[in-house]
Each structure stands twice: as structure tokens, then as C-alpha cells.
Amino acid sequence: MPPKTDPRDWERLFEGRRRRRGPLRIVMIALIAGILILGLIGSAPFVLDQIETILIIARQPQIATQTRETRATAQQAATQSAIPTQPPSPSPTATLPPAPTPAPIIGRAQVINGGNIRSAPRVSADTVIGQVCVGDRVELLEEQTIGDNNRWYRLRVVATADDCVPQRVGAGTEGWVSATLLSQPEP
């Protein structure tokens, strides 16, 4: 049986561990933690950009399908309206000019990021009409892709959510908005 240890022996055995817990170890731990945190902060934009790219790539086939269906429907409607009908007989009363028909709707969406509604699909100070706010519901009238992945929608504001800014537009306003401000279009 081993001899019993004297309490002074315990102090001698653990004296080396106390020295390892000195200020140098604290500095090293803080330095390593700081490097790890800076690495995470530095890689965050890259990770977020990759996630956004994946989401855009996943949405493109669906939007392309919707656009093709919309074009086919519009072309079919144009073909049917081009079929000649019996000409109307002249009327002795004055006729009113026909009311303008609204543009065909290619889908509906909701504003998920507030931003500018513009008179043309480009970012310029002279094209700003006003602001759309988060929660506004819109009807999509036309889609246009500028450059590689810069999609714009011509839309009509159908319903507005709570007031968010003084420059906000009202229901019925038409203009161009970047696709990054809208939710996934629904037919």
C-alpha cells in the first residue's frame, strides 16, 4: 500500500498547474477567440451571397415557366381578338371612345423589402415615382431582365399596408420595381 501523501505534497504537485493559468494563457485564449470571431465576421458576406445566389437560381425556372405561360396566354388572346367579326352597323348617335383595357396581369406578389417604385427599369434619381412599403400587394404587368440577373417588374399597386414613409405611393400607382423588393410571384 502506498504511503499517505502529506498536504504539502499536494501543493507541490499542483503548483505547476497554477503557473499555466497565468496572464499569458488568458492573452492567448483572447487572441485565438478574436481571430475566430473576425474569421466568422469576414466570411458572413460570402456565405450570405452564396445563399442569395442559390435562392435566385432556384427561383429562375419557376419564373421562366410562368413567363412562358403568360406569353402563350397573351398570344392566344391576341389571336382570338384578331379574328374578324361582323362589322357593326353605323349608328346615328355619337359613340364614346372605348375605355382603355387594363394591361394583362402576369402574376401577383407582395412587397417584402421597402424601396423605390420607378418610371423606368433603371436606378436613377430622375426615375423615382415614390416608395412602396413592406406588405403592399401588387399585380405584375410586365417582366424585363437587364444585364445578367437584374430583373425588373412593371406593376400596379393594388393594396397598401401601414404607412411607412411620407413618399409612399397609393393604390393604383403603376411603375417599375426591382425583383429584389418582391416576394415570389404567384399566378
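Note that the coordinates shown come from a computational prediction; the quantities given were computed from them, not determined experimentally.

Here is what the cut-offs are and how they apply
Residues numbered from 1 in each chain as written. Predicted model: local features only at pLDDT ≥ 70, side-chain atom pairs only at ≥ 80, totals over all residues. Heavy atoms only, no water. Helix = DSSP H or I, 4+ residues; strand = E, 2+ residues; numbered from the N terminus. Buried < 20%, exposed > 50% of the residue type's maximum accessible area, 1.4 Å probe, protein only. Contact = heavy atoms within 4.5 Å. Areas by Shrake-Rupley, 256 points an atom, 1.4 Å probe, with all protein chains shown as cover. Patch = residues over 30% accessible without salt bridge, like charges linked within 9 Å, V, L, I, M, F, W, Y side chains within 5 Å. Salt bridge = Lys/Arg side-chain N within 4 Å of Asp/Glu carboxyl O. Core = buried A, V, L, I, M, F, W, Y, C linked by side-chain atoms within 4.5 Å. Pairing = 2+ DSSP bridges. pLDDT = per-residue confidence, 0-100.

A. Inspection of the overall build of the chain at higher detail. What the chain contains, in helices and strands, is two helices and six strands. Starting at the N terminus, the α and β elements of the chain follow one another as α-α-β-β-β-β-β-β. Among the 187 residues that make up the chain, the fraction classed as buried is 22%. Counting only contacts in the chain whose residues sit at least 6 apart along the sequence, the fraction spanning at least 24 positions is 60%. Of the roughly 14,100 Å² of accessible surface on the chain, 61% is carried by carbon and sulfur atoms.

B. Representation of a nonpolar patch on the surface in the model. A cluster of nonpolar residues, Phe46, Val47, Leu48, Ile51 and Leu55, forms a patch on the protein surface that exposes about 500 Å² of accessible area. Relative to the elements of secondary structure, Phe46 occurs in helix H2 (residues 23–81). The exposure class assigned to Phe46 is exposed, which follows from its relative accessible area of 56%.

C. Region of interest: the pattern of salt bridges. Enumeration over the complete set of coordinates arrives at seven salt bridges. Its salt-bridge partner being Glu139, residue Arg108 comes within 3.6 Å of it at the nearest N-O pair. With Arg108 in strand S1 (residues 107–110) and Glu139 in strand S4 (residues 137–146), this residue pair connects regions lying 31 residues apart in the sequence. Residue Arg108 is classed as partly exposed on the basis of its relative accessible area of 42%. The structure contains a network of salt bridges with shared partners spanning Arg108, Glu139, Glu142, Arg154, Arg156 and Glu174.

D. Spatial organisation of the nonpolar core. Grouped together as the largest cluster of nonpolar side chains are 14 residues, with contacts concentrated most on Ile117, Val138, Leu140, Leu155, Val157 and Leu182. Contributions of two or more residues to this core are made by S4 and strand S5 (150–159). In terms of residues, this core owes the most to one element, S5, which gives three residues.

E. Fine view of the pairing of S1. The side-chain alternation of S1 yields one buried face, formed by Gly107 and Ala109, and one unburied face, formed by Arg108 and Gln110. Here four bridges tie S1 to S4, and the two strands are oriented antiparallel to one another. Bridge pairing links Gln110 to Arg137 in S4.

F. Up close: the pairing of S4. Pairing of S4 with S5, which is carried by nine bridges, proceeds in the antiparallel orientation. By the bridge assignment for S5, Gln144 is matched with Trp152.

G. Structural view of the confidence of the model for the chain. Summarising the model, the chain shows a mean pLDDT of 80, and 74% of its residues fall at 70 or more. Within the chain, the element-level pLDDT minimum falls on helix H1 (residues 7–20), averaging 64, and the maximum on strand S6 (residues 174–178), averaging 92.

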